[in-house]
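Structure at a glance
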Amino acid sequence: MAARILDGKAIAKEIQAEIATSVAAHVAAGGMAPGLAAVLVGEDPASQVYVRSKQKACERAGIASWLHRMPDETTTEDLLEVVSQLNGDPNVHGILVQLPLPPQIDELRVLDAIDPAKDVDGFHPQNVGLLSQGRPRFLPCTPSGVMQILARSDISIAGKHAVVLGRSDIVGKPMASLLAQKESTLGPNYCNATVTLCHSRTTNLAELTRQADLVVAAIGRPKFVTADMIRPGAVVIDVGINRTDDGLVGDVDFGPVSEIASAITPVPGGVGRLTVTMLLANTFAAATK
Ligand code: NDP
């Protein structure tokens, strides 16, 4: 039987409409419009597309946004200076430094310098620590978007075995942490998974994915997850975005896997739409805390 396609585009639209309503109510009650400042260093075409789509989404939700463009040759000190200005600007509730940064920039120093209360990406060590202790301030946007897809599709994960492929600080690790939380604001069905976290040194990867009720793929390898790696009826979430000669593809071999899985996210039109949406949600939360 073909899998249910989990429509990230529709879910993102629904959440963005909810955020727009909340922002309008907040402003009508005399609150300040939430503001997001993005910093883009260099001319990376994919980053430019991401930043533009974030700005457009802000506009639709009634969130003010500013873009600070900096040249390719920007130094760590130059960037730290901009971050410091944004930290001190009361109109700015969220700060986003678009990654990747050019190689001469010390990425960790820059991310560490963002005021944790404005760190709407959730990358600051203080926010990572709070999440790992089960008292998150900002949920990292992509894993948080995955949880929204599961919750809004009524796919309970409590007590289920989730296998996460990839252990990056941005996706894999916080994804595993969120799935394994004891409690969730989304309700008791969206936490308490038993989680296996895989990476490039995992030796028996297919054996592990075949035991999973839920597979979340975030490794950046086109069509890596094949049908023989999936247990019939499992749920498959594809975070991967890979640019190939055939266009954008995920980390999952969508056609064959969708014949085996019970539910699956497409690429494009799946998790990607939620990442921007959860950034808006975090910015609104930062403005109203
Ligand atoms: P990283 O490159 O930072 O991390 C990739 C992870 O995958 C690493 O942990 C790596 O293991 C692991 N890995 C690589 N190859 C294999 C393999 N053959 N078997 C098992 N594990 C492997 O990537 P990101 O986490 O930043 O991104 C992952 C994917 O998600 C990319 O396609 C990216 O474009 C996409 N993405 C999508 C977003 C969205 O909004 N949908 C947002 C962010 C990312 P090791 O640690 O051992 O090196």
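Just above, that's the structure.
The following refers to the structure shown. Here the structure is a predicted model, which is why all the values come from computation and not from measurement. (Residues numbered from 1 in each chain as written. Predicted model: local features only at pLDDT ≥ 70, side-chain atom pairs only at ≥ 80, totals over all residues. Heavy atoms only, no water.)

A word on the overall build of the protein chain
Summing up its helical and strand segments, the protein chain has ten helices and eleven strands in all. A compact globule built from 289 residues should have a C-alpha radius of gyration of about 19 Å, and the protein chain, at 19 Å, falls within 12% of that. In terms of its C-alpha atoms, the protein chain occupies a principal-axis envelope of roughly 50 × 45 × 35 Å. Buried positions account for 49% of the 289 residues belonging to the protein chain. Long-range contacts, defined as pairs at least 24 residues apart, comprise 71% of the intrachain contacts of the protein chain with a sequence gap of at least 6. (Helix = DSSP H or I, 4+ residues; strand = E, 2+ residues; numbered from the N terminus. Rg over C-alpha atoms; globule rule 2.2 N^0.38 Å. Buried < 20%, exposed > 50% of the residue type's maximum accessible area, 1.4 Å probe, protein only. Contact = heavy atoms within 4.5 Å.)

A few points about the sheet that holds strand β3 (residues 64-70)
Here three strands make up an open sheet; going across it, the order is β3-β2-β4 and the pairing parallel. On the outer flanks of this sheet lie β3 and β4 (94-97), each paired with one strand and no other. In this sheet, adjacent strand axes meet at a mean angle of 15 degrees when their direction is disregarded. Where strand β2 (residues 35-41) and β3 come together, seven bridges link them in parallel fashion. When the bridges of β3 are listed, Ala38 appears paired with Leu67. Its contacts with the sheet place helix α2 (residues 45-61) against β2, β3 and β4, and it is angled at close to 160 degrees to β3. (Pairing = 2+ DSSP bridges. Axes fitted to C-alpha atoms, helices over the stretch in contact; angles between N-to-C directions.)

Things to note about the site of the ligand
Around the ligand, 20 residues are found, and the nearest of them are Arg167, Ser168, Ser200, Ile241 and Thr275. Within the side chain of Ser200, a nitrogen or oxygen atom sits 2.5 Å from an oxygen atom of the ligand. Within the complex, 71% of the 920 Å² of free accessible area of the ligand lies under protein. The leading source of residues in the shell around the ligand is helix α10 (residues 271-288), at three residues. Residues of the shell around the ligand, tallied by class, amount to eight nonpolar, ten polar and two charged. (Near = heavy atom within 4 Å. Polar contact = N/O pair within 3.5 Å; in protein donor to acceptor, adjacent residues only side chain to side chain. Areas by Shrake-Rupley, 256 points an atom, 1.4 Å probe, with all protein chains shown as cover. Nonpolar A, V, L, I, M, F, W, Y, C, P; charged D, E, K, R; others polar.)

Notes on the pairing of strand β8 (residues 235-238)
Where burial is concerned, the two faces of β8 agree: the one with Val235 and Ile237 and the one with Val236 and Asp238 are both buried. The pairing of β8 with strand β11 (residues 263-264) spans two bridges and is parallel. In the strand pairing of β11, Val235 is matched with Ala263.

Describing the nonpolar core
Note on soluble globular proteins: their nonpolar side chains tend to be buried together. Core analysis: the largest hydrophobic core is formed by 50 residues, its most contacted members being Met147, Leu150, Leu179, Leu214, Val216, Ile237 and Val239. Of all the elements, α10 adds the most residues to this core, at eight residues. By size, the runner-up hydrophobic cluster in this structure holds 19 residues, among which are Val92, Leu99, Leu101 and Ile114. (Core = buried A, V, L, I, M, F, W, Y, C linked by side-chain atoms within 4.5 Å.)

Some thoughts on the environment of Gln133
Its place among the elements puts Gln133 in the loop between α5 (125-132) and α6 (141-152). On the basis of relative accessibility, which here comes to 54%, the residue Gln133 falls in the exposed class. When the C-alpha atoms of Gln133 and Gln181 are compared, they prove to be 8.8 Å apart, with 48 residues separating the residues in sequence.

Looking at the side chain of Thr74
If you trace the backbone, Thr74 turns up in the loop between β3 and α3 (76-88). Take Thr74: its relative accessible area is 3%, and that puts it in the buried class. Side-chain polar atoms of Thr74 contact the backbone oxygen of Pro71, separated by 2.5 Å. In this structure, Thr74 is in contact with Val41, Leu79, Gln104 and Ile105, ignoring residues within four places of it in sequence.

Observations concerning the packing of α2 against α10
Axis separation between α2 and α10 bottoms out at 10 Å; the angle between their running directions is 50 degrees. Relative to α10, the element α2 lies oblique. Along this stretch, α2 crosses α10, giving a crossing that reads as right-handed. Where α2 approaches α10, its residues Ser53, Lys54, Ala57, Cys58 and Ala61 are matched on the opposing element by Val276, Leu279 and Leu280. Considered class by class, the residues forming the contact of α2 with α10 number six nonpolar, one polar and one charged. (Parallel < 35°, antiparallel > 145°, perpendicular 65-115°, else oblique. Left-handed = near helix turned anticlockwise from the far one by under 90°.)

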